[in-house]
Amino acid sequence: MEVYPAQPRGFGAGVVRAIEIVERALETYGPSADVRHQITKVHNQGKRTITKGRTLILIGHAGHPEVNGAMGQVPAPVLLVQSVEEANALPLPADTPVAYITQTTLSVDDTKDIISALQARFTDIQGPDIRDICYATQNRQSAVRDLSKLVDVILVVGAANSSNSNRLREIGTEAGVASYLIADGSKLNPAWLKDAKTVGVTAGASAPEVLVDDVIEAMRRIGPVKVPVLPGREENIEFRLPAQLAAS
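Residues numbered from 1 in each chain as written. Predicted model: local features only at pLDDT ≥ 70, side-chain atom pairs only at ≥ 80, totals over all residues. Heavy atoms only, no water.

## Points about helix α8 (residues 209-220)
With twelve residues, α8 extends 17 Å between its outermost C-alpha atoms, agreeing within 8% with the 16 Å of an ideal straight helix rising 1.5 Å per residue. When α8 is considered as a whole, its buried residues turn out to be V212, V215, I216, A218 and M219. Along α8, the residues classed as buried sweep out an arc of 155 degrees about the axis, all on the same side. At its buried positions, α8 is contacted by β1 (2-5), β6 (153-157), β7 (178-182) and β8 (198-203). (Helix = DSSP H or I, 4+ residues; strand = E, 2+ residues; numbered from the N terminus. Expected span 1.5 Å × (residues − 1). Buried < 20%, exposed > 50% of the residue type's maximum accessible area, 1.4 Å probe, protein only. Arc of directions from axis to C-beta. Contact = heavy atoms within 4.5 Å.)

## Considerations on the sheet that holds strand β2 (residues 55-59)
With parallel pairing, the four strands of this open sheet are ordered in space as β3-β2-β4-β5. At either margin of the open sheet sits one strand with a lone partner, and together these are β3 (78-81) and β5 (125-126). Looking at chain direction, strand β4 (residues 98-102) and β5 are connected through two bridges and run parallel. Looking across to β5, one finds that A99 is bridged to Q126. Along the sheet, helix α5 (residues 108-121) contacts β2, β3, β4 and β5; its crossing angle with β2, the most-contacted strand, is approximately 155 degrees. (Pairing = 2+ DSSP bridges. Axes fitted to C-alpha atoms, helices over the stretch in contact; angles between N-to-C directions.)

## Let's talk about the side chain of R121
One can find R121 in helix α5. No salt bridge forms around the buried R121; measuring N to O, its nearest opposite-charge neighbour D95 is 8.2 Å away. A polar contact of 3.4 Å, which involves the side chain of R121, links it to the backbone oxygen of N88. Side-chain polar atoms of R121 contact the backbone oxygen of L90, separated by 2.3 Å. Ignoring sequence-local partners within four residues, the contact set of R121 consists of A87, N88, L90, P91, L92, P93 and A94. (Lys, Arg positive; Asp, Glu negative; His and termini not counted. Salt bridge = Lys/Arg side-chain N within 4 Å of Asp/Glu carboxyl O. Polar contact = N/O pair within 3.5 Å; in protein donor to acceptor, adjacent residues only side chain to side chain.)

## Describing the packing of α5 against helix α6 (residues 135-147)
Packing of α5 against α6 brings their axes to within 9 Å, and their N-to-C directions diverge by 105 degrees. With respect to their mutual orientation, α5 and α6 come out roughly perpendicular. On the side of α5, the interface is formed by V108, D109 and D110, while α6 contributes T137, Q138, Q141 and R145. (Parallel < 35°, antiparallel > 145°, perpendicular 65-115°, else oblique.)

## With respect to the confidence of the model for the chain
With 94% of its residues at a pLDDT of 70 or more, the chain shows a mean pLDDT of 87. For the chain, the element scoring lowest by mean pLDDT is helix α2 (residues 41-51), at 72; β6 scores highest, at 98. (pLDDT = per-residue confidence, 0-100.)

## Thoughts on the packing of aromatic side chains
Scanning the entire structure with this criterion turns up one aromatic pair. Ring centres of Y180 and W192 lie 4.4 Å apart, and the angle between their planes is 5 degrees; on these two criteria the pair is classed as stacked. Of this pair, Y180 sits in strand β7 while W192 sits in the loop between β7 and β8, and the two are twelve residues apart along the sequence. Y180 sits in the partly exposed class, given a relative accessible area of 25%. (Phe/Tyr/Trp six-rings, centres within 6.5 Å; stacked < 30°, edge-to-face > 60°.)

## Things to note about the pattern of salt bridges
By the definition in use, this model includes seven salt bridges. Among the salt bridges present, the one from E217 reaches R220, with a minimum N-O distance of 3.0 Å. Remark: R220 and E217 occur in helix α8; sequence separation between them is three residues, near one turn of the helix. Exposure remark for R220: the relative accessible area of 37% places this residue in the partly exposed category. Each of D110, R167, E170 and E174 takes part in one network of salt bridges that share partners.

## Quick notes on the pairing of β8
The side chains of a regular strand alternate between both faces of the sheet. β8 sits mainly inside the fold: six of its six residues count as buried. Burial along β8 is two-sided: the face carrying T198, G200 and T202 and the face carrying V199, V201 and A203 are both buried. Two strands pair when backbone bridges link them, and β1 and β8 are joined in this way by four bridges, in the parallel orientation. Across the sheet, residue P5 finds its bridge partner in β8, namely V201.

## Some remarks on the pairing of β2
Most of β2 is tucked away, with four of its five residues classed as buried. Across five bridges, the pairing between β2 and β4 is parallel. Each residue of the ladder has a partner; that of I57, found in β4, is Y100. Taken together, the four bridges between β2 and β3 define a ladder with parallel strand orientation. By the bridge assignment for β3, I59 is matched with V81. Since β2 and β3 lie parallel, the crossover through helix α3 (residues 65-73) that links them has a hand, and here it is right-handed. (Right-handed = clockwise from strand over helix to strand, strands pointing away.)

Next up, the structure:
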């Protein structure tokens, strides 16, 4: 069986930065540290929108930690939109001054139709530059689409409550490839691989590479495995650390 790891997969620059912040904070200030979900840029964008008198629309998934955080941080009502249908059904006049922000773990492909619907719906609308939408999510989704042309089965390493991991599985399924979400190698169901000659493996943005390796090792216990290296999109983006930790 040939196993093709998607390129890219797993951690993006934002997750790498978050982990390094925790590690450096422990080195600088010592244990212990409480880790909570960060105030991302999207929270600040939302706050600025409210101060300009615009009604704020958030494109995202209900219940996602980032969405919950944004709706809690912005000191005004936030209208959550999850689909084109919900965008078209917003109970606002067409000339209402509005602005939209997006959950940062959604890709350009995930949001473009909703944004188009909002732009068609409202005459006075503002939104972030398309470059603010997560490059890492877009790249990983594109990699799965490429992978689906090569393999019989796709395994997505990630948590069941991870929206971007579930989206990767959905993309594989939409492409006509049997796709499964798997937390680690212990969860591998041999029946998924029956008659499969080629298997693609990818990982959600919060899944470390060690879990990908664990899944591949679980496949080796079923039978011989070859792991060819695929070409893919190179990611050279790095996000700066907070100033108080950068020199530590």
